[in-house]
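Structural overview for review
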Amino acid sequence: DGRAPEVRQLTSATDTLLSALRSCSTGGCASATEAAMRMRAVEEREYVMASCYPGQSRGRYLRHCDTGRGSELTAILYLNEDWQSEDGGNLRLYEPGFHNTQVKLDIAPAFNRLLLFWATEECPHEVLPTMRDRFAMTIWYRCSLGCSPRA
């Protein structure tokens with residue numbers, strides 16, 4: 001988009017990273033090899049979504065999985081300089097399963113942090129209430145036509 005050349009920079013850098021991950025071969029780690037195999041099928045990028053969760057209204061996003069859009073991988077870049085733990089707004093990841101309530105990890109939306117996770121029921125997540133404006137850019141990647149990445 002000519003109106004936002006920085007977005008093109010982001011998508012280009014993320015595409016380059018994913019390309020490198022697709023070609024990664026670890027040889028010794030079975031889970032990394034499985035992830036690399038799944039990554040090989042992830043090729044088509046959707047548009048970038050820029051989001052702001054307003055601190056004044058304690059913005060949040062309830063627990064969900066990114067399954068409804070037909071994507072395979074979610075990439076989030078956080079744009080929050082000088083983020084402090086008291087600012088809230090963490091991304092909470094849950095153990096696999098759409099209805100699972102067991103917390104796996106809370107991730108602070110710190111500046112320039114890039115987070116990649118499967119856009120499947122393996123990674124239910126939510127944005128916890130934020131105390132200050134929280135900014136992020138999200139890109140979803142789809143599996144190439146006719147592929148079955150988890151096969």
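These lines cover the structure that appears in this document, whether it is placed above or below. It should be emphasised that the depicted structure is a prediction, and the values quoted were computed from it without experimental measurement.

The next thing to look at is the state of the cysteines. A covalent bond bridging the sulfur atoms of two cysteines is what the word disulfide describes. Inspection of every chain in the model, using the stated rule, returns 0 disulfides. Left unpaired, C65 is separated from the closest cysteine sulfur, that of C123, by 8.0 Å.

Judged by nonpolar contacts, the single largest core of 22 residues is most densely connected at L73, Y78, L91, L115, F117, W118 and Y141. Contributions of two or more residues to this core are made by α1 (5–22), β1 (42–53), β3 (73–78), β4 (91–94), β6 (114–118) and β8 (134–143). Considering every element that reaches this core, the biggest residue donor is β3, with 5 residues. Sequence-distant contacts of L91, that is, excluding residues within four places in its chain, are made with Y78, L105, D106, I107, L115, F117, H125, E126, V127 and R134.

Tracing the backbone through its elements, the reader meets A41 in the loop between α2 (30–40) and β1. When the C-alpha atoms of A41 and C143 are compared, they prove to be 5.3 Å apart, with 102 residues separating the residues in sequence.

With that settled, consider the sheet that holds β6. Spatially, β1-β8-β3-β6 is the arrangement adopted by the 4 strands of the open sheet, whose pairing is antiparallel. The outermost strands of the open sheet, each flanked by one partner alone, are β1 and β6. Strand-to-strand twist in this sheet, taken as the mean axis angle between neighbours without regard to direction, amounts to 20°. Judged from the 6 bridges that link them, β3 and β8 form a sheet pairing that is antiparallel. Paired with Y78 across the bridge in β8 is A136. Sheet strands in contact with α1 are β1, β3, β6 and β8, and its direction is about 50° off that of β8.

Scoring rules and cut-offs
Residues numbered from 1 in each chain as written. Predicted model: local features only at pLDDT ≥ 70, side-chain atom pairs only at ≥ 80, totals over all residues. Heavy atoms only, no water. Disulfide = S-S within 2.5 Å. Core = buried A, V, L, I, M, F, W, Y, C linked by side-chain atoms within 4.5 Å. Buried < 20%, exposed > 50% of the residue type's maximum accessible area, 1.4 Å probe, protein only. Helix = DSSP H or I, 4+ residues; strand = E, 2+ residues; numbered from the N terminus. Contact = heavy atoms within 4.5 Å. Pairing = 2+ DSSP bridges. Axes fitted to C-alpha atoms, helices over the stretch in contact; angles between N-to-C directions.

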